[in-house]
Structure formats: structure tokens, C-alpha cells
Amino acid sequence: MYTIYKYILFHFLPLALDSFSSLNRNKMIIILLSATLLATLAAGQSQDSCYADQTDPYILFGTATPYEAVSNTNASYVYIDKCEAKQFWIISRHGTRYADADEVDELKDLYDLQEKIIKNHEKDGSGSLCAKDLENLKLWTLQVVSNVKSDLTPQGYNDLYRLGERFKSRFPALFKQTVTKDSFKVQFTTKQRTAASAIAFVDGLFGTGMGLEFPEALEDDMLIKPYASCKKWEKDVEENKDTTKQMKKFEDGSTVTTLVGSVSKRLGFSKTLDLDDILLMYSACRYDKAWHLDKVSPWCAAFTEDDLKALEYIEDLELYYSTGYGNDLNKKVGCPPVKDFIDRFSDIEKGEQQPAGVLYFTHHEMILLVLTSLGFDKDKEALTSSNYDQMSGREWRSSFISPFTANLAAVFFKCDAGEPYRVQLYFNEHLLDINGCDQGLCDWSYFKQQFGSISSSCNLDFC
Ligand SMILES: *[C@@H]1O[C@H](CO)[C@@H](O)[C@H](O)[C@H]1NC(C)=O
């Protein structure tokens with residue numbers, strides 16, 4: 001009832017106000033009353049509210065969260081009295097990508113589910129999708145073909161382009177200087193989506209077609225993709241059955257079982273669907289949204305907000321053990337990028353030459369491993385299959401810490417008064433309020449004391 005009412009209020013009222021602004025107050029009130037009446041009537045028909053009508057749908061979709069949902073777009077010039085930015089360092093996940101080839105094959109199974117759901121509603125009179133959501137579902141087609149694999153999408157290009165533009169506007173002096181491969185270092189992995197993200201970011205910084213020379217991607221990149229070349233990590237984390245144990249227990253537990261049942265019922269199935277079907281619909285829901293921010297994915301209509309939160313937790317559990325605090329190896333394998341910026345800042349302090357910008361483009365695993373290495377977003381308790389409710393306010397939440405384009409930036413300043421060097425860290429463009437620093441501005445001496453050991457103890461020999 002509430003949603004329908006809100007819909008009418010938000011969507012018809014402005015229209016009514018526009019077209020009838022010359023009419024008198026009494027007539028306005030009549031229009032308002034009829035809107036209320038309409039809402040009451042519609043609610044009487046006992047259908048679930050329409051997903052398509054939600055003005056602010058839940059789009060925290062774990063690692064497929066659109067960057068726009070969590071970023072900070074305030075791009076004001078960052079002014080720090082008597083200080084000058086000397087280096088801008090960033091490590092970013094690639095932007096929104098297409099589904100990979102395997103996922104595309106799986107997503108094709110949705111055509112079968114689509115047909116059944118329509119039949120459930122139209123022939124069997126079961127299911128509770130509203131007419132609008134059902135209509136959208138009928139029109140749905142898979143917006144991707146196998147040959148684009150997991151390449152960057154147009155939306156992904158835009159995300160990185162805007163990110164570059166905004167950082168330029170925050171630190172204009174750094175990006176005004178002559179662009180050469182000595183003044184700007186760029187590195188990405190062997191995937192199209194990270195190379196294309198680098199191009200997009202640089203286009204945003206310097207204008208399209210700037211022609212900054214890019215180095216070749218490395219097969220074994222021990223700086224921005226060390227986990228993929230670390231045998232010990234592969235064996236002890238990636239291939240270790242314990243890594244997915246909590247996730248699997250959660251999937252088999254009552255929260256997810258109830259979810260599977262209620263989604264099946266909502267879609268009109270008398271026989272409960274498999275979790276795999278549910279996950280496939282979730283996948284289509286979140287990809288559709290990330291690819292086309294201005295559109296509604298009919299697959300999201302299968303879920304309530306609570307359903308979406310539980311699905312989010314499934315992925316958080318997996319990532320907590322595969323890239324987070326759930327395994328001690330993760331903070332060790334995540335150190336190289338942290339060491340990289342700390343060492344570069346130390347070089348500047350010693351008077352050595354450093355590029356004005358250092359720009360890395362990689363994958364969500366690396367971003368999460370870096371956060372783990374720094375000790376950020378650590379909860380007091382471990383995420384497990386049994387504490388979903390208690391962890392609702394958790395720090396380790398992939399929607400916030402590894403959406404598309406997730407990025408950590410570090411800026412090094414030289415100052416003419418007081419502490420001679422200072423540091424700021426930004427995560428998804430939000431200035432990080434680090435303990436012991438002054439509103440996000442850290443004295444370099446303090447920063448080294450807090451985080452320097454991550455650099456000095458960083459050693460991947462164990463790999
Ligand atoms: C935007 O960012 C600037 C610089 O970081 C800050 O001073 C200002 O308060 C911010 N504005 C808003 C509206 O948050």
C-alpha cells in the first residue's frame with residue numbers, strides 16, 4: 001500500500017501540479033483526493049507492490065554494485081593550507097564488465113524460467129508479480145553475446161572516465177604538467193577490462209586521445225595481481241575447501257531456504273526452485289542494473305529487499321575467507337601495493353624523483369586483499385553462517401568495499417609549515433578518517449609509524 005501510494009504521489013503529483021498550476025486550490029485538493037482514492041483501490045487488489053515503480057530500489061549488489069551507488073562525487077578542489085600535492089597514487093578495480101563466457105551460457109537458461117513464470121501467472125493464476133513487472137519480464141532478453149566475454153561495458157568506461165575527471169578537479173596542479181611515461185606510471189593486468197579502464201581513466205584526466213604510452217601487461221604481475229601467481233595462496237586459500245565452508249552452510253541454512261521458498265512462491269511455482277535458479281536470476285538482476293543504470297531489470301522483481309540482503313551476505317561470506325580476514329594468508333599476499341605507495345612516498349621524502357601519478361588497474365580480489373593488508377573494514381567478529389543478523393551493520397560488505405570501479409587512492413603532500421609531509425587516503429573517493437589523523441589528513445611520520453611495517457615486512461617468498 002505504502003509503495004503504491006508513494007508512487008502515485010511522486011509520479012502523478014508533479015504532473016498534476018504542472019498542468020493545473022493555474023487552477024484554484026479547491027481543484028488541487030480534489031486531484032489530491034482522487035490520487036489517494038486510486039492508491040487505496042489499487043492496494044485493495046492485494047498484489048505485491050511493483051518493483052518497476054520503486055523510486056529508490058535496493059541496488060547494493062555485492063561485487064556487481066554500480067559504482068555510482070557508493071562513490072563520492074563531490075569533486076571540489078582539495079585545498080590544504082601551505083601544502084602542495086606531490087604524488088597521486090591509485091589502485092582501482094576495473095569498471096562495469098560484461099558477464100564472462102560461462103555466465104552467458106548459464107544466463108541463457110533464464111529464457112526457460114521466463115516462460116514458466118509468465119505461464120504461472122497467466123494460465124495458472126499463481127504468482128504475485130504485478131502486471132507491470134510481468135510485462136517487463138516478457139520483454140526481457142539477454143543483453144550480451146558470448147564474444148564480449150568479460151570486457152568493459154560502456155557504463156564501465158564512463159565510470160572510470162568520470163573518476164579521472166573528478167580526481168583531476170580535486171588535484172588540478174598534479175595533472176596539469178606535461179604528460180610523459182616518466183611523469184605518469186600506468187599498469188594494468190592482462191585482461192581487456194583493466195586495460196580499457198586505464199584508457200578511460202587517462203582520457204578523463206587528460207582528455208581523449210592524449211596518447212600516453214602504456215607498458216605491456218605482465219603475465220605474472222607480483223605487484224597488482226600477486227595472488228594469481230602465488231602457489232601457496234592458490235593451494236591454501238583458493239583451492240581450500242574451508243574457504244567456502246561458511247558460505248555453503250549459510251546457503252543450506254534457514255535464511256536462504258526460506259528465501260528460496262518465498263521467491264518460488266512469488267513467481268508462482270508450486271515446486272520450489274533450486275538455489276542455482278535463484279542465483280541465476282540474481283545474477284541477471286544485478287548485471288542488467290549495472291549495465292543500464294537508468295533501466296529496471298525485471299529479474300530484480302523476484303526479490304524483496306531482505307532477499308537481496310541475504311544474497312549479498314552469501315558473497316560477503318565467500319570474500320571474507322578468500323580475500324579478507326578469514327584467512328591469515330590474505331593480508332600477506334595483499335601487501336605489495338601498500339608497500340608500493342609507502343616506498344614511493346618515502347622516496348619523495350628523500351628527495352628522489354617520482355612520477356606525479358601512479359595509476360593501477362586490477363581486480364576486486366586485489367582491492368579486498370589491499371584493504372585486509374591495511375587492516376581496514378575489519379569487524380570485531382568473524383562473518384559466519386550463523387551470525388547473519390548480528391552482522392547487519394558489518395564493515396566487511398562487498399557492496400561498499402568491492403563494487404565495480406572500487407578504488408583506493410593515496411595522496412602525498414609536501415608542506416611549508418608544521419609537519420613537512422602529509423598523506424590522505426580516499427576509498428571510493430571518500431576521504432578516510434584514519435584514527436590519529438586530523439580529519440583525514442595524516443602526518444607522514446605518524447602514518448609511517450602506523451603502516452610502515454606493512455611495507456618493511458612485505459615479502460612474497462612464501463608464495
Ligand atoms: C566537498 O569537498 C570539499 C573538499 O574536500 C569540502 O571542503 C567540502 O566541504 C565538500 N562539500 C560537501 C557539500 O560535502
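First, a word on scope: everything that follows refers to the structure included in this document. (Residues numbered from 1 in each chain as written. Predicted model: local features only at pLDDT ≥ 70, side-chain atom pairs only at ≥ 80, totals over all residues. Heavy atoms only, no water.)

## As for unusual backbone geometry
Of note in the backbone geometry, Thr405 takes a positive phi value of approximately 70° without being a glycine. Mapped onto the secondary structure, Thr405 falls in the loop between helix H17 (398–401) and strand E4 (407–415). By relative accessible area, which is 0% here, Thr405 ends up buried. Unlike most non-glycine residues, Glu429 shows phi in positive territory, near 75°. Looking at the secondary structure, you find Glu429 in the loop between strand E5 (421–427) and strand E6 (430–431). (Helix = DSSP H or I, 4+ residues; strand = E, 2+ residues; numbered from the N terminus. Buried < 20%, exposed > 50% of the residue type's maximum accessible area, 1.4 Å probe, protein only.)

## Remarks on the layout of surface pockets
Of the pockets and cavities examined, the largest pocket occupies roughly 1400 Å³. If you go around the largest pocket, you meet 46 residues; those closest to its centre are Arg97, Glu103, Glu315, Glu318 and His364. Top contributing element to the lining of the largest pocket by residue count: helix H12 (residues 275–291), with seven residues. (1 Å grid on protein atoms, 1.4 Å probe; cavity = no way out; pocket = protein on both sides within 12 Å on 5 of 7 lines; lining within 4 Å. Points joined across faces, edges and corners; volume = space filled by probe spheres on them.)

## Here's the deal with empty space enclosed by the protein
Following the criterion strictly, the structure yields one cavity of 30 Å³ or more and no others. As a volume, the largest cavity reaches approximately 30 Å³. Lining the largest cavity are Ile117, Leu129, Leu137, Leu267, Pro298, Trp299 and Ala302. Split by residue class, the lining of the largest cavity holds seven nonpolar, no polar and no charged. (Nonpolar A, V, L, I, M, F, W, Y, C, P; charged D, E, K, R; others polar.)

## Some words on the pairing of strand E1 (residues 83–93)
As a general feature of sheets, a regular strand has side chains that alternate between the two faces. Most of E1 sits out of view: nine of its 11 residues are buried. Where E1 lies against strand E3 (residues 357–362), six bridges are found, and the strand directions are parallel. Looking at the pairing, Phe88 lines up with Gly357 of E3. (Pairing = 2+ DSSP bridges.)

## Topic: the state of the cysteines
In protein structure, a disulfide is the covalent linkage between the sulfur atoms of two cysteines. Applying the stated criterion to the full structure yields six disulfides. With its sulfur 2.0 Å from that of its partner, Cys335 forms a disulfide with Cys458. Disulfide Cys335 to Cys458: torsion about the S-S bond roughly 75°, handedness right-handed. Highlighted residues: Cys335 in helix H15 (residues 335–349) and Cys458 in the segment after helix H18 (444–456), separated in sequence by 123 residues. (Disulfide = S-S within 2.5 Å.)

## Quick look at the packing of aromatic side chains
Aromatic ring pairs are reported here in terms of the distance separating the ring centres and the angle at which the planes meet. This structure, assessed with the given rule, holds 36 aromatic pairs. Between the aromatic rings of Phe171 and Tyr426, the centroid separation amounts to 6.1 Å while the plane-to-plane angle is 80°, which identifies the pairing as edge-to-face. Of the two residues, Phe171 is situated in the loop between helix H6 (154–170) and helix H7 (172–176) and Tyr426 in strand E5; the sequence distance between them amounts to 255 residues. Residue Phe171 shares its accessibility class with Tyr426, and that shared class is buried. Ring geometry for Tyr313 versus Tyr388: centroids 5.0 Å apart, planes at 55°, classification tilted. On the criterion of sequence distance, the pair formed by Tyr313 in helix H13 (residues 305–322) and Tyr388 in the loop between helix H16 (364–374) and H17 is long-range, its members being 75 residues apart. On the basis of relative accessibility, which here comes to 0%, the residue Tyr313 falls in the buried class. Among the aromatic residues, those joined into a ring-pair cluster are Trp89, Phe341, Phe345, Tyr360, Phe376, Phe412, Tyr421, Trp444, Phe447 and Phe451. Note that Arg170 overlies the ring of Phe167, its terminal NZ or CZ placed 4.7 Å from the centroid. (Phe/Tyr/Trp six-rings, centres within 6.5 Å; stacked < 30°, edge-to-face > 60°. Lys NZ or Arg CZ within 6 Å of the ring centre and 35° of its normal.)

## Things to note about the site of the ligand
The local shell around the ligand consists of Asn74, Ser76 and Tyr77. In this structure, Asn74 approaches the ligand through a side-chain N or O atom, which is 2.4 Å from an oxygen atom. For the ligand, the accessible surface in isolation is 360 Å², of which the surrounding protein chains cover 28%. (Near = heavy atom within 4 Å. Polar contact = N/O pair within 3.5 Å; in protein donor to acceptor, adjacent residues only side chain to side chain. Areas by Shrake-Rupley, 256 points an atom, 1.4 Å probe, with all protein chains shown as cover.)

## A short note on the environment of Ala85
Checked against the element boundaries, Ala85 lands in strand E1. Note on Ala85: relative accessible area 19%, which makes it buried. Between the alpha carbons of Ala85 and Val411 there is a distance of 6.8 Å; along the sequence they are 326 residues apart. Leave out the neighbours within four places in its chain, and Ala85 touches Phe171, Leu174, Val411, Phe412 and Phe413. (Contact = heavy atoms within 4.5 Å.)

## Some points on H6
Spanning 17 residues, H6 covers 25 Å between terminal C-alpha atoms, matching the ideal 24 Å at 1.5 Å per step. Where H6 is concerned, the buried positions are Gln155, Gly156, Asp159, Leu160, Leu163, Gly164, Arg166, Phe167 and Arg170. (Expected span 1.5 Å × (residues − 1).)

## Focus: a negative patch on the surface
On the surface, a cluster of negative charge is contributed by Asp102, Glu106, Asp109, Asp274 and Asp276. Residue Asp276 is classed as exposed on the basis of its relative accessible area, which comes to 58%. (Patch = residues over 30% accessible without salt bridge, like charges linked within 9 Å, V, L, I, M, F, W, Y side chains within 5 Å. Salt bridge = Lys/Arg side-chain N within 4 Å of Asp/Glu carboxyl O. Lys, Arg positive; Asp, Glu negative; His and termini not counted. Charge placed at Lys NZ, Arg CZ, Asp CG, Glu CD.)

## Side note on the pattern of salt bridges
Opposite charge on two side chains makes pairing possible when the charged atoms of those side chains draw close. Under the criterion given, the structure shown has 22 salt bridges. Between Glu84 and Lys86 there is a salt bridge, with its nearest N and O atoms 3.9 Å apart. Accessibility expressed as a relative area gives 46% for Glu84, which makes it partly exposed. Of the charged contacts in the structure, one is a salt bridge between Asp236 and Lys232, with a shortest N-O distance of 2.6 Å. Of this pair, Asp236 and Lys232 both sit in helix H9 (residues 231–238), four residues apart, roughly one helical turn. Since its relative accessible area comes to 35%, Lys232 is described here as partly exposed. One salt-bridge network, held together by shared partners, links Glu122, Glu135 and Lys138.

## Remarks on the pairing of strand E2 (residues 184–188)
Most of E2 sits out of view: four of its five residues are buried. Strand direction decides the pairing type here: E2 and E3, joined by five bridges, are parallel. The residue of E3 that forms the bridge with Phe184 is Gly357.

## Describing the packing of H15 against H18
Interaxial distance between H15 and H18 falls to 9 Å at its minimum, and their mutual angle equals 140°. Classified by the interaxial angle, the pair formed by H15 and H18 is oblique. Remark: the crossing between H15 and H18 carries left-handed chirality. Counted together, Cys335, Val338, Lys339, Phe341, Ile342, Asp343, Phe345, Ser346 and Glu349 of H15 and Trp444, Phe447, Lys448, Phe451, Gly452, Ile454 and Ser455 of H18 form the full contact between these two elements. Partitioning the contact of H15 with H18 into residue classes produces nine nonpolar, three polar and four charged. (Axes fitted to C-alpha atoms, helices over the stretch in contact; angles between N-to-C directions. Parallel < 35°, antiparallel > 145°, perpendicular 65-115°, else oblique. Left-handed = near helix turned anticlockwise from the far one by under 90°.)

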